[in-house]
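# What the coordinates show
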Amino acid sequence: MPAAISWRAAALDARESILLRGAAEFGSAVALQTDDRLVEAVAHLADNPQLGRHGRIAGTRELVAPRTPFLVIYRYEAEPAPGGVEVVEVVHHAQRWPAVITVAGYETT
């Protein structure tokens, strides 16, 4: 059974910012294509929630969104029972991650 996917407000805000900045800099078609690629990458987590590497913050995982400069930060609890995927944040690979975000209840590894 596929894992449920939820997006935290910060991740949704990041997507909106990516759309707005992308549209202003590269045009709306490119911005929408980038958002589609992010959503598609996250959709793969429903069937493969451990697809991303272990995150730099304990308890998180990081997925490189193909053909974008973005990294999807998410949580997935496999033990004791598989849970859903929670997208915590979306960051540009050039950002000083994890300094750019805080994940409540988690510490930098």
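Figured I'd write up the structure that's included with this text. (Residues numbered from 1 in each chain as written. Predicted model: local features only at pLDDT ≥ 70, side-chain atom pairs only at ≥ 80, totals over all residues. Heavy atoms only, no water.)

## Let's talk about the overall build of the protein chain
For the protein chain, the helix and strand inventory stands at two helices and five strands. Reading the secondary structure of the protein chain in the N-to-C direction produces β-α-α-β-β-β-β. Buried positions account for 39% of the 109 residues belonging to the protein chain. Surface exposure of the protein chain reaches about 6,600 Å², of which carbon and sulfur atoms provide 55%. (Helix = DSSP H or I, 4+ residues; strand = E, 2+ residues; numbered from the N terminus. Buried < 20%, exposed > 50% of the residue type's maximum accessible area, 1.4 Å probe, protein only. Areas by Shrake-Rupley, 256 points an atom, 1.4 Å probe, with all protein chains shown as cover.)

## Some points on the packing of helix α1 (residues 9-26) against helix α2 (residues 28-47)
Contact geometry for α1 and α2: axes closest at 7 Å, N-to-C directions at 150°. As summarised for this structure, α1 and α2 are arranged roughly antiparallel, according to the angle between their axes. The interaxial crossing formed by α1 with α2 has right-handed handedness. Residue-level contacts link R15, I18, L19, G22, A23 and F26 of α1 to S28, V30, A31, L32, T34, D35, L38 and V39 of α2. Residue classes in the contact of α1 with α2 are distributed as nine nonpolar, three polar and two charged. (Axes fitted to C-alpha atoms, helices over the stretch in contact; angles between N-to-C directions. Parallel < 35°, antiparallel > 145°, perpendicular 65-115°, else oblique. Left-handed = near helix turned anticlockwise from the far one by under 90°. Contact = heavy atoms within 4.5 Å. Nonpolar A, V, L, I, M, F, W, Y, C, P; charged D, E, K, R; others polar.)

## Considering the pairing of strand β5 (residues 85-92)
In regular strands, side chains alternate between the two faces of the sheet. With six of eight residues buried, β5 is to be regarded as a mostly interior element. Taken together, the three bridges between strand β1 (residues 5-7) and β5 define a ladder with parallel strand orientation. Looking at β5, one finds that W7 is bridged to V87. (Pairing = 2+ DSSP bridges.)

## Some points on α1
The end-to-end C-alpha distance of α1, which contains 18 residues, comes to 25 Å, matching closely the 26 Å that a straight helix rising 1.5 Å per residue would cover. Every buried residue belonging to α1 is among A11, A14, R15, I18 and G22, and all of these are buried. Seen end-on, α1 carries its buried residues on one side only, within an arc spanning 100°. Among the exposed residues of α1, those oriented more than 90 degrees off its buried face are A9, L20, R21 and A24. Against β1, α2, β4 (70-76) and β5 lie the buried residues of α1. G27 sits one or two residues past α1 and shows a positive phi near 105°. (Expected span 1.5 Å × (residues − 1). Arc of directions from axis to C-beta.)

## Comments concerning the sheet that holds β4
With respect to topology, five strands assemble into an open sheet ordered β1-β5-β4-β3-β2, the strand pairing being mixed. Both outer strands of the open sheet, β1 and β2 (53-54), are each paired with one neighbouring strand and no more. Note: β4 against β5, seven bridges, orientation antiparallel. Its bridge partner lying in β5, R75 is registered against E86.

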